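Commentary on secondary and tertiary structure
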Amino acid sequence: MIMTNMALPTNPYRPGAGTYPPYLAGREAVTSRIEELATILEEGGQASALVLPGVRGMGKTSLLLHAQGLLAERGWIVPDLQEMASNRRLPVIWDEIRSFLQGTVAADRVPHLKKWESGPIEWGAGVEVGASGPKARGDLKGSLKKARDGGISAVQADIVKVFEALGENGVRLALLFDETQAGQQKELKVLIQLAHRAAQRRWSLMMIFGGLPPTNDRLVRAASYASHFETMRVGPLEDLAAREALRQPAIDVGVAFTNEGLKLAVGFAQGIPYHIQVIGQQAWRQGKTKVGAPEVSAAIPVANETIEASMYEPLWNRASDAEQGYLVEMARHHRRGYGSPVAKVLGALKMDHPAGAQVRARLMAKGLVHAGRYGYVEFSYPGFDIYAKEQARRRR
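Here the structure is a predicted model, which means the values were calculated and not measured.

**Quick notes on the sheet that holds strand β12 (residues 376–379)**
Picture the strands of a sheet paired through backbone hydrogen bonds; they go either parallel or antiparallel. Strand order in the open sheet made by the 3 strands is β10-β12-β11, with antiparallel pairing throughout. Two strands in the sheet have a free side with no partner beyond their single neighbour: β10 (340–341) and β11 (369–371). In terms of strand pairing, β11 meets β12 through 3 bridges, oriented antiparallel. Bridging across to β12, alanine 371 finds its partner in valine 377. Along the sheet, helix α12 (residues 321–332) makes contact with β10, β11 and β12, crossing β12 at roughly 100 degrees. Relative to the sheet, helix α14 (residues 353–365) contacts β11 and β12, its axis offset from that of β11 by approximately 115 degrees.

**Observations concerning the packing of helix α9 (residues 259–269) against helix α10 (residues 273–284)**
Running from amino to carboxyl end, α9 crosses α10 at an angle of 140 degrees, the nearest separation of the two axes being 8 Å. Overall, the two elements α9 and α10 adopt an arrangement that is oblique. Both α9 and α10 take part in a crossing whose hand is right-handed. Contacts between α9 and α10 pair Ala265, Phe268 and Ala269 from the former with His275, Ile276 and Ile279 from the latter. Looking at side-chain class alone, the contact of α9 with α10 contains 5 nonpolar, 1 polar and no charged residues.

**Some words on the environment of methionine 311**
Mapping methionine 311 onto the fold places it in helix α11 (residues 293–317). When the C-alpha positions of methionine 311 and glycine 16 are compared, they lie 9.3 Å apart, and in sequence the two are 295 residues distant. Non-local contacts of methionine 311, meaning those with residues more than four positions away in its chain, are made with Tyr274, Thr306 and Tyr381.

**Some remarks on the environment of serine 224**
Structurally, serine 224 can be placed in the loop between α7 (215–222) and β7 (230–231). Taking the relative accessible area as the measure of exposure, serine 224 reaches 58% and is therefore exposed. Through-space distance from the C-alpha of serine 224 to that of lysine 189 is 9.2 Å; in sequence the pair is 35 residues apart.

**What about the nonpolar core?**
Counting 76 residues, the largest nonpolar core has Met206 and Leu327 as the members making the most contacts within it. Considering every element that reaches this core, the biggest residue donor is α11, with 9 residues. The residues touching methionine 206, leaving out its near neighbours within four places in the chain, are Ile34, Leu37, Ala38, Leu41, Leu71, Trp76, Leu173, Ala174 and Leu175. Met84, Leu166, Val190 and Ala195 belong to the second-largest nonpolar core, a separate cluster that totals 38 residues.

**Focus on the pairing of strand β1 (residues 50–53)**
Side chains Leu50 and Leu52 of β1 all project onto a buried face; the interleaved residues Val51 and Pro53 project onto the opposite face, where all are buried too. Pairing of β1 with strand β6 (residues 205–211), which is carried by 4 bridges, proceeds in the parallel orientation. Pairing of valine 51 across the sheet is with phenylalanine 209, part of β6. Examined bridge by bridge, β1 and β7 share 2 bridges and lie parallel to one another. Bridge pairing in β7 places valine 51 opposite threonine 231.

Cut-offs applied
- Residues numbered from 1 in each chain as written.
- Predicted model: local features only at pLDDT ≥ 70, side-chain atom pairs only at ≥ 80, totals over all residues.
- Heavy atoms only, no water.
- Pairing = 2+ DSSP bridges.
- Helix = DSSP H or I, 4+ residues; strand = E, 2+ residues; numbered from the N terminus.
- Contact = heavy atoms within 4.5 Å.
- Axes fitted to C-alpha atoms, helices over the stretch in contact; angles between N-to-C directions.
- Parallel < 35°, antiparallel > 145°, perpendicular 65-115°, else oblique.
- Left-handed = near helix turned anticlockwise from the far one by under 90°.
- Nonpolar A, V, L, I, M, F, W, Y, C, P; charged D, E, K, R; others polar.
- Buried < 20%, exposed > 50% of the residue type's maximum accessible area, 1.4 Å probe, protein only.
- Core = buried A, V, L, I, M, F, W, Y, C linked by side-chain atoms within 4.5 Å.

From the geometry alone we can't say anything about function, so treat these as descriptive.
Below, the structure written as structure tokens:
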């Protein structure tokens, strides 16, 4: 019987950056390792930081949020997931973490938390705490203009004082970071040095860094100790895990996918967790208690439109005309599994290497591309090469 959307339970699929999936499939190796690292630290052992690199759409943020929940359930103190960005510097991030700790850790265990001594910068004037948590005020930007070497040194000194007290008091704390590749080198160095000190002194401090594929390189360039960090790449899901990510949320509320419907949906998604959530959401909206190939086929055009509007178009619009031209030539010379050869892209654009390097650096800073193998550059979202080619065709 065909049912209306109103007759079905609430749609369980939740596409969107940083949204929590109804069923986290195919990431058991990562979650198990996080649990193992937590156990090692709880027993007084040493554990390195964990790095989770992957291209966009792979569910890294959702995985970090899942890790946050796992550790909180074990009794760890876990501040909110912190996103790095060129306009979101370490002083702002540390303000938020510090405010969280002030409201969580007993004052007598870390007396230094009562003070906010950051040298020449009036951090207290730059933060207000509202119902949704700490927020940076406009006057913090003015303070950040002073936060060059002296400012970062002051923040680092404060971090060391706070974490020494936390570590010596046996406080179990996890720090989770997203978009790590966007972090400033000097600021990443502060965090790496904190991880090093924690390992040396056997503090119960877990640090997890998520980001695009260049994250490892960025961390090691900031401080060589980061080469000791453990890396677990976050890639596309295997077909079996993709099937479960689609099937299980539906079963939980009394709706079933047929084998044919699952096969078609999994083929569409290509293992990309975000695409899995989109096709699941749109197939659900067909209003059937059994989702087969006809329902998935009807959902695919809408799912494509959704992905284009929510992911490809916003990324494309970040780029200037010159940058879009570079993306188009990347797409024309793209080889799956390799990326796009820089020399061929520059040759097609009749652009010299210095000018090309500037365009490429801007695209990397905007999170659209990243360095691949030597001499190659790669798109940071799967399938973006196809979208770029289509944009070039539409311009003709």
